Each structure stands twice: as structure tokens, then as C-alpha cells.
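Analysis of the macromolecular model
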Amino acid sequence: MRNSRVYDCSIIEFSKHHAPQGNLSVVQNDKDIPFSVQRIYYLYDVPGGESRGAHAHKELSQLIVAASGSFTVTLDDGRTKRTFLLNRPYQGLLVVPGIWRTLDDFSSGSVCLVLASHKYDKEDYIRNYEVFLDYKKNGG
């Protein structure tokens, strides 16, 4: 989505179920998030000072969750940047297509869980920031 903006991305809060044995949150396709999950992956053991992401997607939407610990996600639409601190497992950051994302500041032991709207497709990735800016400005 060449016309997407960082303001199309938002924090989604999931239902929380409290019990003496621990807490439970639920994420359901097309109910709690606006897409059907086709792929799930997670990042862990990210060394201190390292960044992840640094790419955009043409079609894929993502829900990024700090399942454990914390990290920051910086979103960039080519004109505006927004940074989110993710540190609550009952919240996720919805990232729409056409947004450059970078993940930084991983706390020790953090786990970044990602729910994706599509299966892996290397053609959907934009991995060069200058190419991304051209994609946003001129249609690639």
C-alpha cells in the first residue's frame, strides 16, 4: 500500500483473563485483528545493541507483540516516523503494508512474537531504504 501512513498503524489491546494460576490473552483471526494469520514467527536471544527489521512489505500486515520483555518499534512511512515501546504481552502493534519498520532496544530475555497476514514471500519485501522511498513516492 503505497499510500499507507504510520497513523494507519496502532496498538491493539487483547482481552485479558486473570486467574490465580496466571493470565491469559486471546488473539483471534478477523476478530481481534483485521486479518487472518497465515504465519507466526518469533525473535529471541537478540544481542544487546542489535536491530532487527529494517524493511517494509508491499502486501503483508503484521501484529507485533512483546511476548516477554520489551523492545521499541520505529515505523516510517517515508515522511513521518513513530516509535512504540512494546512491553505488555496483552498488546500488539498492528503494522499495515507499505511501512518501514525497525526493532531496537531489546531487553534481556525478550521475545518478539509476530503474527503475519501472508506466508513468506521474498518478493513482498523491500529491504533497501532508498528503494522504499522511491516505492512510496513514485510507485517503485
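Before reading further, recall that the structure is shown in the block above.
Calculation rules
- Residues numbered from 1 in each chain as written.
- Predicted model: local features only at pLDDT ≥ 70, side-chain atom pairs only at ≥ 80, totals over all residues.
- Heavy atoms only, no water.
- Helix = DSSP H or I, 4+ residues; strand = E, 2+ residues; numbered from the N terminus.
- Rg over C-alpha atoms; globule rule 2.2 N^0.38 Å.
- Buried < 20%, exposed > 50% of the residue type's maximum accessible area, 1.4 Å probe, protein only.
- Lys, Arg positive; Asp, Glu negative; His and termini not counted.
- Salt bridge = Lys/Arg side-chain N within 4 Å of Asp/Glu carboxyl O.
- Contact = heavy atoms within 4.5 Å.
- Pairing = 2+ DSSP bridges.
- Phe/Tyr/Trp six-rings, centres within 6.5 Å; stacked < 30°, edge-to-face > 60°.
- Axes fitted to C-alpha atoms, helices over the stretch in contact; angles between N-to-C directions.
- Core = buried A, V, L, I, M, F, W, Y, C linked by side-chain atoms within 4.5 Å.

Before going further, it helps to examine the overall build of the protein chain. On a plain count of helices and strands, the protein chain comes out with 1 helix and 12 strands. Secondary structure elements of the protein chain occur, N-terminal to C-terminal, as β-β-β-β-β-β-β-β-β-β-β-β-α. Taking 2.2 N^0.38 as the reference for a compact globule, 140 residues should give roughly 14 Å; the C-alpha atoms of the protein chain span a radius of gyration of 15 Å, in line with that estimate. Its C-alpha atoms give the protein chain principal-axis dimensions of about 55 × 35 × 25 Å. Buried positions account for 41% of the 140 residues belonging to the protein chain.

Let us now look at the side chain of Asp 104. By the secondary structure assignment, Asp 104 is in strand 10 (residues 100-104). Among buried charged residues, Asp 104 stands out as having no salt bridge; its nearest opposite-charge side chain is Lys 81, 9.5 Å away. Dropping the residues within four chain positions of it, Asp 104 is found in contact with Glu 50, Ser 51, Phe 71 and Thr 72.

To continue, consider the pairing of strand 3 (residues 22-26). Bridge count between strand 2 (residues 15-19) and strand 3: 5 bridges; the pairing is antiparallel. If you follow His 18 over to strand 3, its bridge partner there is Asn 23. Hairpin connection of strand 2 to strand 3: 2 residues between the antiparallel strands.

Here we take up the packing of aromatic side chains. Here the structure, examined in full by the defined rule, presents 6 aromatic pairs. Measuring from ring centre to ring centre gives 5.2 Å for Trp 100 and Tyr 129, while their planes differ by 80°; the resulting arrangement is edge-to-face. Placement of Trp 100 in strand 10 and of Tyr 129 in helix 1 (residues 129-138) is noted, with a sequence separation of 29 residues between them. With centroids separated by 5.5 Å and ring planes inclined at 45°, the aromatic side chains of Trp 100 and Phe 132 adopt a geometry described as tilted. A residue pair is termed long-range when its members are at least 10 positions apart, and Trp 100 in strand 10 and Phe 132 in helix 1 qualify at 32 residues. Residue classification places Phe 132 among the buried residues on the basis of a relative accessible area of 0%.

Right, let's get into the sheet that holds strand 4 (residues 39-44). Here we have 5 strands laid out as an open sheet, ordered 1-9-6-11-4, and antiparallel in their pairing. Edge positions in the open sheet fall to strand 1 (10-13) and strand 4, since each of these has one partner strand only. With direction set aside, neighbouring strand axes in the sheet form an average angle of 25°. Sheet analysis places strand 6 (residues 62-68) next to strand 11 (residues 111-116), joined by 6 bridges and oriented antiparallel. Across the sheet, the residue bridging to Val 65 is Leu 113, located in strand 11.

A positive phi angle, near 55°, is found at Ala 54, a position not held by glycine. Its location among the elements puts Ala 54 in strand 5 (residues 52-57).

Bringing the nonpolar core into the picture now. Counting residues in hydrophobic clusters, the biggest one holds 19 residues, and the most contacted among them are Ile 64, Phe 71, Val 73, Leu 75, Leu 103 and Cys 112. Elements with a contribution of two residues or more to this core: strand 6, strand 7 (71-76), strand 8 (81-86), strand 9 (91-95) and strand 11. The residues contacting Phe 71, other than those within four sequence positions of it, are Ile 64, Val 65, Ala 66, Phe 84, Leu 85, Leu 86, Leu 103, Asp 104, Asp 105, Phe 106, Val 111 and Cys 112. Formed by 8 residues, the second largest nonpolar core is a distinct cluster that contains Ile 12, Ile 33, Phe 35 and Leu 115.

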